[in-house]
Amino acid sequence: VPFQYIVVEKKGVKQDVGVIQLNRPKALNALCDGLMHEISQALDSFEQDPHVGAVVITGSEKAFAAGADIKEMQDQTFQRCYSGNFLAHWNRISTTRKPVIAAVNGYALGGGCELAMMCDIIYAGEKAQFGQPEILLGTIPGAGGTQRLTRAVGKSLAMEMILTGERISAQEAKQAGLVSKVCPVDKLLDEAVSCAEKIAGNSKLVVAMAKDAVNAAFETTLAEGNKREKILFHATFATEDRKEGMCAFVEKRKANFTDH
């Protein structure tokens, strides 16, 4: 499928990592509606590909995504936003069953920060900047920024960032728990793909269960989350991969998962 706003390929030794690169360089990868639809199409394709075990979303060295496309949003009205459920389709990234890693270099602002937070893991280049500057435009985050940022960094820092529009560095984001790893700019994509390869080397079926269980920690109470974890844990005992993994451990060999 020819894409206008993204570049899609497979990487890794086994070509089992899907990579989506945002490609609107003149607009610093601003997230227009067409770009978000193309991301959804690429994710649908990777979801249906049994060989792909994880996905990486990245941008350029200058910008992961500098925000939503303001020119596209400028003339929106409340009536059109509300009746059309504006930005609802952006949530596709967070509903992907396969793990998604954001590899963030440069600016991840507004919708760009929200896009990164929809992913399961965030790796950042040393010069990355994160922020929710919507307040400076007379609006607020509309694609999960107030919710995911607060869960990631806590109320005080989230409030400060959202109410002032100020940015934080990659190092500050790491310290706050927003990102899990900070890498040299030129090594970022390789590091993200390496992490994705490790994930893809595990049972894709059990990886999906593990992702489901972790997400439950953010969406349910502790008691309900523990119940879901237990159900999913018990469910692994119905899989061939659980049998293979434990046999391989006992026999001191590498497991050969078949995703069954």
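What this report covers is the structure whose coordinates are included nearby. These numbers come from a predicted model, not from an experiment.

Along the chain, the regular secondary structure elements total 11 helices and 10 strands. Relative to its length of 260 residues, the chain is compact, with a C-alpha radius of gyration of 19 Å against a globular reference of 18 Å. Its C-alpha atoms give the chain principal-axis dimensions of about 60 × 45 × 40 Å. For the chain, buried positions account for 41% of its 260 residues. Each charge class in the chain was averaged separately, 30 positive and 31 negative side chains, and the resulting centres sit 3 Å apart.

One can find His 51 in the loop between helix H1 (33–48) and strand S3 (54–58). Residue classification places His 51 among the partly exposed positions, given a relative accessible area of 41%. As for His 51 and Gln 15, which are separated by 36 residues in sequence, their C-alpha atoms are 8.0 Å apart. Dropping the residues within four chain positions of it, His 51 is found in contact with Lys 14, Gln 15, Asp 16 and Lys 204. At 2.7 Å, the side chain of His 51 forms a polar contact with the backbone oxygen of Lys 14.

Another point: the packing of helix H9 (residues 204–219) against helix H10 (residues 222–236). For the pair H9 and H10, interaxial distance at closest approach is 9 Å and the crossing angle is 170 degrees. When the axis of H9 is compared with that of H10, the two are roughly antiparallel. On the side of H9, the interface is formed by Val 206, Met 209, Asp 212, Ala 213 and Ala 216, while H10 contributes Gly 225, Arg 228, Leu 232, Ala 235 and Thr 236. Across the contact of H9 with H10, the residue classes tally to six nonpolar, two polar and two charged.

So, about the packing of aromatic side chains. To describe a pair of aromatic rings, one takes the distance between the centres and the angle between the planes. Throughout the structure, instances matching the rule amount to two aromatic pairs. Ring centres of Phe 78 and Tyr 82 lie 5.5 Å apart, and the angle between their planes is 25 degrees; on these two criteria the pair is classed as stacked. One end of the pair is Phe 78 and the other is Tyr 82, both in helix H3 (residues 78–83) and four residues apart, which spans about a single turn. Ring centres of Phe 233 and Phe 237 lie 5.3 Å apart, and the angle between their planes is 85 degrees; this geometry places the pair in the edge-to-face category.

Okay, the packing of helix H5 (residues 145–153) against helix H6 (residues 155–164) next. For any two helices packed against each other, one specifies the crossing angle of their axes together with the interaxial distance. Between H5 and H6, the shortest axis-to-axis distance is 7 Å and the interhelical angle comes to 140 degrees. Between H5 and H6, the interaxial angle falls into the category oblique. Like other packed secondary-structure pairs, H5 and H6 cross with a definite hand, here right-handed. Of the residues in H6, those in contact with Gly 145, Thr 146, Leu 149, Thr 150 and Val 153 of H5 are Lys 155, Leu 157, Ala 158, Met 161 and Ile 162. Counted by class, the contact of H5 with H6 contains six nonpolar, three polar and one charged residues.

So, about the pattern of salt bridges. Following the criterion strictly, the structure yields 13 salt bridges and no others. Salt-bridge contacts for Lys 211 lead to Asp 120; the nearest nitrogen and oxygen are separated by 2.8 Å. One end of the pair, Lys 211, is in helix H9; the other, Asp 120, is in the loop between helix H4 (111–118) and strand S7 (121–125), with 91 residues separating them in the sequence. Residues joined in a network through salt bridges with shared partners are Asp 44, Glu 47 and Arg 92.

This part covers the sheet that holds strand S6 (residues 107–109). If you trace the four strands from one edge of the open sheet to the other, you get S4-S6-S8-S9, paired in mixed fashion. With one partner strand each, in any of the chains shown, strand S4 (63–65) and strand S9 (168–169) form the two edges of the open sheet. Across two bridges, strand S8 (residues 129–131) lies against S9 in antiparallel orientation. Following the sheet pairing, Phe 130 is matched in S9 by Ile 168. In the packing of H4 onto the sheet, the strands contacted are S4, S6 and S8, and the crossing angle to S6 comes to about 90 degrees.

Scoring rules and cut-offs
Residues numbered from 1 in each chain as written. Predicted model: local features only at pLDDT ≥ 70, side-chain atom pairs only at ≥ 80, totals over all residues. Heavy atoms only, no water. Helix = DSSP H or I, 4+ residues; strand = E, 2+ residues; numbered from the N terminus. Rg over C-alpha atoms; globule rule 2.2 N^0.38 Å. Buried < 20%, exposed > 50% of the residue type's maximum accessible area, 1.4 Å probe, protein only. Lys, Arg positive; Asp, Glu negative; His and termini not counted. Charge placed at Lys NZ, Arg CZ, Asp CG, Glu CD. Contact = heavy atoms within 4.5 Å. Polar contact = N/O pair within 3.5 Å; in protein donor to acceptor, adjacent residues only side chain to side chain. Axes fitted to C-alpha atoms, helices over the stretch in contact; angles between N-to-C directions. Parallel < 35°, antiparallel > 145°, perpendicular 65-115°, else oblique. Nonpolar A, V, L, I, M, F, W, Y, C, P; charged D, E, K, R; others polar. Phe/Tyr/Trp six-rings, centres within 6.5 Å; stacked < 30°, edge-to-face > 60°. Left-handed = near helix turned anticlockwise from the far one by under 90°. Salt bridge = Lys/Arg side-chain N within 4 Å of Asp/Glu carboxyl O. Pairing = 2+ DSSP bridges.

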